[in-house]
Amino acid sequence: VQLQASGGGLVQAGGSLTLSCAASRSIFRIGATAWYRQAPGKQRELVARIRYDGSTEYGDSVKGRFTISRDNAKNTVELQMNSLKPDDSAVYYCNANLQTRPFSQIKDYWGQGTEVTVSS
C-alpha cells in the first residue's frame, strides 16, 4: 500500500486549494495524519495534524487559514487551504499511520508530495 497526496497546483495569492491524502487501495484504517511542507532551502515543517478522534493542531503560520479534516468512512484526510500567500509555496507531504487490516501492525507512511505554488 502507498500513501497518495493530491490536489496541488498553481494559485494566485488569496486563492484556495484542497489537498487530499488517501491510501492507494482499500485499508482498514487511516490513523493520525499530518501534512508537512518543505520550501526550497528550508526545513520541513508541520502544517497540520489530525488524530483519529478528530483533534487537530496547526502550525502557527497557517492558523485561521487552513483546515484539516478527515472522513473515517472513506479513510481520507483533506487539507483546505484558504487565503493562500506566496510564502505557502512548497511541496506538501502527507504522513499517516495506516492499519491495513484489523489487528495488523500500524505503520507510518509518507506520500510522494504535491507541489503548491502561490503567485503574487
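Residues numbered from 1 in each chain as written. Predicted model: local features only at pLDDT ≥ 70, side-chain atom pairs only at ≥ 80, totals over all residues. Heavy atoms only, no water.

Undergrad: What is the right way to read the sheet that holds strand 1 (residues 3-6) from this model?
TA: Hydrogen bonding along the main chain pairs the strands of a sheet, whether they run parallel or antiparallel. The strand order across the open sheet built from 4 strands is 1-3-8-7, with neighbouring strands paired in antiparallel fashion. One side of each edge strand has no neighbouring strand; the edge strands of this open sheet are strand 1 and strand 7 (66-71). Ignoring strand direction, the axes of neighbouring strands in this sheet form an average angle of 15°. Looking at chain direction, strand 3 (residues 17-23) and strand 8 (residues 76-81) are connected through 6 bridges and run antiparallel. Along strand 8, the bridge assignment pairs alanine 22 with threonine 76. (Pairing = 2+ DSSP bridges. Helix = DSSP H or I, 4+ residues; strand = E, 2+ residues; numbered from the N terminus. Axes fitted to C-alpha atoms, helices over the stretch in contact; angles between N-to-C directions.)

Undergrad: Help me understand the packing of aromatic side chains in this model?
TA: Given two aromatic rings, their pairing is described by the distance between the two centres and the angle made by the two planes. The tally for this structure, following the rule as stated, stands at 1 aromatic pair. Centre to centre, the rings of tyrosine 36 and tryptophan 110 are 5.2 Å apart; their planes meet at 45°, and the pair counts as tilted. Of this pair, tyrosine 36 sits in strand 4 (residues 29-38) while tryptophan 110 is found in strand 10 (residues 107-110), placing the two residues 74 residues apart along the sequence. For tyrosine 36, a relative accessible area of 16% corresponds to the buried category. Tryptophan 110 sits in the partly exposed class, given a relative accessible area of 38%. (Phe/Tyr/Trp six-rings, centres within 6.5 Å; stacked < 30°, edge-to-face > 60°. Buried < 20%, exposed > 50% of the residue type's maximum accessible area, 1.4 Å probe, protein only.)

Undergrad: Any chance you could explain the environment of glutamate 115 here in plain terms?
TA: Topologically, glutamate 115 is positioned in strand 11 (residues 114-119). For the pair glutamate 115 and arginine 51, spaced 64 residues apart in sequence, the C-alpha separation works out to 24 Å. Residue contacts for glutamate 115: discarding those within four places in its chain leaves Gly8, Gly9, Ala90 and Val91. (Contact = heavy atoms within 4.5 Å.)

Undergrad: So what exactly am I meant to see when it comes to the pattern of salt bridges here?
TA: Note on pairing: side chains with opposite charge can pair once their charged atoms come close. Scanning the model with the defined rule gives 6 salt bridges in all. One salt bridge in this structure joins arginine 37 and glutamate 45, with 2.6 Å as the shortest N-O distance. Judged by relative accessible area, arginine 37 falls into the buried class, the value being 6%. A relative accessible area of 34% places glutamate 45 in the partly exposed class. Ionic pairing is found between lysine 63 and aspartate 60, a salt bridge with its closest N-O pair at 3.1 Å. (Salt bridge = Lys/Arg side-chain N within 4 Å of Asp/Glu carboxyl O.)

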